[in-house]
Amino acid sequence: ELKVEQNPLFLSMQEGKNYTIYCNYSTTSDRLYWYRQDPGKSLESLFVLLSNGAVKQEGRLMASLDTKARLSTLHITAAVHDLSATYFCAVEEDNAGNMLTFGGGTRLMVKP
Amino acid sequence: SAVISQKPSRDICQRGTSLTIQCQVDSQVTMMFWYRQQPGQSLTLIATANQGSEATYESGFVIDKFPISRPNLTFSTLTVSNLSPEDSSIYLCSGDPEPSYGYTFGSGTRLTVV
């Protein structure tokens, strides 16, 4: 059974600071997704990582995937208040028919 | 990316009743997925629905409690039956992944059972 672990689960940081969220998973996969969820809202797709070594950047967020280590990171650079949300990674297991398994989520609060 | 319209957006239901949630996709998708997100928690897959066949349920979810219909390639419904307060959650649907965007989710249905 695929397990996806995110850490930290809660992150409070000051504006302007950098931080990294980690997503570890337990079986082989080369398809990993990052989502953002604002309170009371649905999921917004941030990044699609489809191969080992994939790196994607959008604004202050950068995501990477290391399939050998079964690890993805979401790096936040110079955080701003608007980034406050919950971030989920989700892994699509090889040969499991497009099923997503989600990490527990990281609730990010960026303080002025 | 595909657009998925989900309704209702929220509902308050009495114990013992049922709620049917609808998802309409603006393009044809082979599979649709139904998730539950309990308060403050992550998403858990309930079932996968292909057109013309019975849905495939994940461990801990059964058809009698969560019947699903998939009459065509753009529409699906999830019914949550015999409601109890433990069913209070957000329910989300999703369709096939797109190469550059991944999976699109519906706007979610917030269910409160009283």
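Notes on the structure follow.

Rules used in this analysis
- Residues numbered from 1 in each chain as written.
- Chains lettered and ligands numbered in written order.
- Predicted model: local features only at pLDDT ≥ 70, side-chain atom pairs only at ≥ 80, totals over all residues.
- Heavy atoms only, no water.
- Disulfide = S-S within 2.5 Å.
- Helix = DSSP H or I, 4+ residues; strand = E, 2+ residues; numbered from the N terminus.
- Buried < 20%, exposed > 50% of the residue type's maximum accessible area, 1.4 Å probe, protein only.
- Contact = heavy atoms within 4.5 Å.
- Pairing = 2+ DSSP bridges.
- Axes fitted to C-alpha atoms, helices over the stretch in contact; angles between N-to-C directions.
- Buried area = accessible area lost by both parts, 1.4 Å probe.
- Salt bridge = Lys/Arg side-chain N within 4 Å of Asp/Glu carboxyl O.
- Polar contact = N/O pair within 3.5 Å; in protein donor to acceptor, adjacent residues only side chain to side chain.
- Nonpolar A, V, L, I, M, F, W, Y, C, P; charged D, E, K, R; others polar.

Residue and element names in this part refer to chain A. With the rule as written, the count across this model stands at two disulfides over all chains. Residue Cys23 pairs covalently with Cys89 via a disulfide, S to S 2.0 Å. Disulfide Cys23-Cys89: the torsion about the S-S bond is 80 degrees, which places it as right-handed. Note that Cys23 is positioned in strand β3 (residues 19-25) and Cys89 in strand β9 (residues 85-92), a separation of 66 residues in sequence.

Residue and element names in this part refer to chain B. For Ser89, the position within the fold is in strand β9 (residues 89-95). Under the relative-accessibility criterion, Ser89 is labelled buried at 4%. Here Ser89 is in contact with Arg36, Gln37, Gln38, Pro39, Thr109, Arg110 and Leu111, once residues within four sequence places are set aside.

Okay, the sheet that holds strand β5 (residues 43-50) of chain B next. Two modes of strand pairing occur in sheets, parallel and antiparallel, and in both the strands are linked by backbone hydrogen bonds. All names here are of chain B. Taken together, the six strands give an open sheet; going across it, the order is β2-β10-β9-β4-β5-β6, and neighbouring strands pair in mixed fashion. Looking at strand neighbours, the two that pair on one side only are β2 (10-13) and β6 (56-57), the edges of this open sheet. Summarising the sheet, β5 and β6 pair through two bridges and their orientation is antiparallel. From the neighbouring strand, Ala47 faces β6, where its bridge partner is Tyr57.

All right, on to the sheet that holds strand β7 (residues 61-66) of chain A then. All names here are of chain A. In spatial order, the strands read β1-β3-β8-β7-β6; together these five strands make up an open sheet with antiparallel pairing. Either end of the sheet is taken by a strand with one partner, and the two such strands are β1 (4-7) and β6 (55-58). The average undirected angle you get between the axes of adjacent strands in this sheet is 15 degrees. Here six bridges tie β3 to strand β8 (residues 71-76), and the two strands are oriented antiparallel to one another. Pairing of Tyr22 across the sheet is with Thr73, part of β8.

Attention shifts here to the interface of chain B and chain A. Contacts between the two partners involve 20 residues from chain B and, on the opposite side, 18 residues from chain A. Across the chain B to chain A interface the summed buried area is about 1500 Å²; carbon plus sulfur atoms make up 56%. Our enumeration of links across chain B and chain A arrives at zero salt bridges. Where chain B meets chain A, there are six residue pairs in polar contact (both at pLDDT 80 or more). Counting only elements with at least two residues in the side of chain B that touches chain A, the list comes to β4 (31-37) and β5 of chain B. With four residues, β4 of chain B is the largest single contributor of residues to the side of chain B that touches chain A. A per-class count over the side of chain B that touches chain A returns 11 nonpolar, seven polar and two charged.

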